[in-house]
Structures are given as C-alpha cells and as structure tokens.
Amino acid sequence: MLEEVLRNLNNWFEVPGKRLTGFFEVSGGCIGLPDGWLLDGQYFRIEGSVFNDGLHQWPAVDLRDETFTGEIAALAVPKAVTELAARIGEWQAKYGKAAESPYQSESFGGYSYTKASGGGSQNGSQGGYTWQSAFRSELNRWRKL
C-alpha cells in the first residue's frame with residue numbers, strides 16, 4: 001500500500017544526491033549497492049528494471065535475479081507517511097470492496113441502503129468513495145504537484 005500512496009502523492013521522498021545510475025545485477029535475490037549507501041530499514045526505489053521496478057526496503061533479499069541498466073534512489077519516507085499508508089491499507093481491507101462497487105444504493109426485501117458518494121467522481125471512480133477521498137486532507141500535506 002505504501003508504494004501506491006507514494007505514487008498517488010507524486011512524492012517518493014528522495015534523498016537529495018542519493019541516486020545511482022548505471023548497470024545493476026540482482027543475484028540470489030540481492031542487489032549489490034555500495035556499503036553503507038542505505039541503512040537497515042530504509043526504503044529505496046528501483047527504476048529501469050524488468051522485474052524489480054518499484055519500492056523496496058533495505059536489505060532487499062526477495063528481488064528477482066536479473067541485470068539491468070537503470071536507477072536506484074534512496075528514500076527518506078517519513079514515519080507519519082508509513083503510518084498513514086498502514087491506516088489506508090486497513091481502511092481498504094475493510095471498505096475497499098464496497099467502495100469499488102458500481103452500486104450507490106440497493107433495495108430488496110424491505111431493506112434499502114445508500115452508499116455515501118464522497119463528493120463525486122475522482123481518481124477514475126464513478127462517484128465512489130475511495131481511500132484517496134477518505135484520506136484526502138491527510139494526503140494533501142505530503143502531495144507534490
């Protein structure tokens with residue numbers, strides 16, 4: 001969920017000056033980076049890989065073996081953002097299926113309900129209430145245009 005949140009924010013929290021560009025090899029699920037370049041638990045982003053593009057946490061030992069020419073950026077994702085992503089993940093697990101439903105209301109057997117719309121169509125939804133709309137005010141703090 002964290003990667004999806006960062007993508008939505010258009011903010012990867014890259015550490016200035018901490019981007020490697022070149023040829024990389026992933027072997028045995030591990031990628032070779034200069035000693036001390038990343039701290040244990042630090043997030044990093046791979047770009048230009050066939051199998052491993054995206055967000056990872058150091059030490060990454062679950063990568064798919066390959067060689068590629070690309071970039072690796074060290075990230076400094078604030079704890080508040082990782083905690084927000086965890087809360088969004090919980091919300092998505094609880095309400096995601098209902099939020100993705102194309103139905104806004106139903107009636108059957110004397111029972112009816114109407115789903116909150118969350119203020120109209122956003123982020124490609126058909127008027128549904130998404131995690132983006134549910135957490136908009138908190139997400140906006142970190143958003144980059």
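Here, every reference points to the structure presented above.
From a predicted model like this one, the values you see are computed outputs, not experimental measurements.

## So, unusual backbone geometry
Point 1. Residue Pro59 follows Trp58 across a cis peptide bond; omega there is 0°.
Point 2. Unusually for a residue other than glycine, Phe13 sits at a positive phi of about 55°.
Point 3. Position of Phe13 among the secondary structure elements: in the loop between helix 1 (2–9) and strand 1 (14–27).

## So, the packing of aromatic side chains
Point 1. Evaluated as defined, the whole model comprises 6 aromatic pairs.
Point 2. Note on Trp91 and Tyr95: the rings are 5.5 Å apart at their centroids and 50° apart in plane angle, and the pair reads as tilted. With Trp91 and Tyr95 both in helix 2 (residues 79–100) and 4 residues apart, the pair spans about one turn of that helix.
Point 3. The class for Trp91 is buried, based on a relative accessible area of 14%.
Point 4. For Tyr95, a relative accessible area of 38% gives the class partly exposed.
Point 5. Summarising the aromatic geometry, the rings of Trp91 and Phe135 are spaced 6.3 Å apart at their centres and angled 85° between planes, so their arrangement reads as edge-to-face. Placement of Trp91 in helix 2 and of Phe135 in the loop between helix 3 (131–134) and helix 4 (136–140) is noted, with a sequence separation of 44 residues between them. Note on accessibility: Trp91 and Phe135 belong to one class, buried.

## A closer look at helix 1
Point 1. Leu2, Val5, Leu6 and Leu9 are the residues of helix 1 that are buried. One side of helix 1 holds all its buried residues, which, seen down the axis, span an arc of 95°.
Point 2. Backbone geometry just after helix 1 places Asn10 at a positive phi near 55°.

## Here we look at the side chain of Asn11
Point 1. Relative to the helices and strands, Asn11 is located in the loop between helix 1 and strand 1.
Point 2. From its side chain, Asn11 meets the backbone oxygen of Trp142 in a polar contact 2.9 Å long.
Point 3. With residues up to four places along the chain from it excluded, the contact list for Asn11 reads Leu6, Trp142 and Lys144.

## A closer look at the side chain of Glu66
Point 1. Position of Glu66 relative to the elements: it lies in strand 5 (residues 66–75).
Point 2. Despite its burial, Glu66 pairs with no opposite charge; the closest candidate is Arg64, at 7.7 Å N-O.
Point 3. In this structure the side chain of Glu66 is engaged in a polar contact, spanning 3.2 Å, whose partner is the backbone nitrogen of Val50.
Point 4. A polar contact is formed between the side chain of Glu66 and the side chain of Asn52, at a distance of 2.9 Å.
Point 5. Those residues in contact with Glu66 that lie beyond four places of it in its chain are Phe24, Glu25, Val26, Ser49, Val50, Phe51 and Asn52.

Scoring rules and cut-offs
- For every chain, the first residue of the written sequence is number 1, and numbering continues from 1 onward in sequence order.
- Predicted model: local features are reported for residues with pLDDT of at least 70 only, side-chain atom pairs are reported and counted for 80 or more only, and whole-chain, interface and lining totals are derived from all residues.
- To obtain the side-chain values, all non-hydrogen atoms of the structure were used and water was disregarded.
- Runs of E in the DSSP output that reach at least two residues are strands. Runs of H or I that reach at least four are helices, and both are numbered from the N terminus.
- Note on ring pairs: Phe, Tyr and Trp rings are taken, using the six-membered ring of Trp, and paired if centres are within 6.5 Å. Classes follow the plane angle, with under 30 degrees stacked, over 60 edge-to-face and the rest tilted.
- The rule is simple: take the accessible area with a 1.4 Å probe, protein chains only, and divide by the maximum for that residue type; under 20% is buried, over 50% is exposed, in between is partly exposed.
- Directions are taken from the helix axis to each C-beta atom, and the arc is the one they span.
- Any pair of nitrogen or oxygen atoms within 3.5 Å is treated as a polar contact; in protein, a donor-acceptor pairing is required on top of that, and neighbouring residues in sequence qualify only through side-chain atoms on both sides.
- Between two residues, a contact is recorded if the distance between any of their heavy atoms is within 4.5 Å.
- Counted charges follow a simple rule, with Lys and Arg positive, Asp and Glu negative, and His plus the chain ends left uncounted.
- By definition, a salt bridge exists where a carboxyl oxygen of Asp or Glu is found within 4 Å of a side-chain nitrogen of Lys or Arg.

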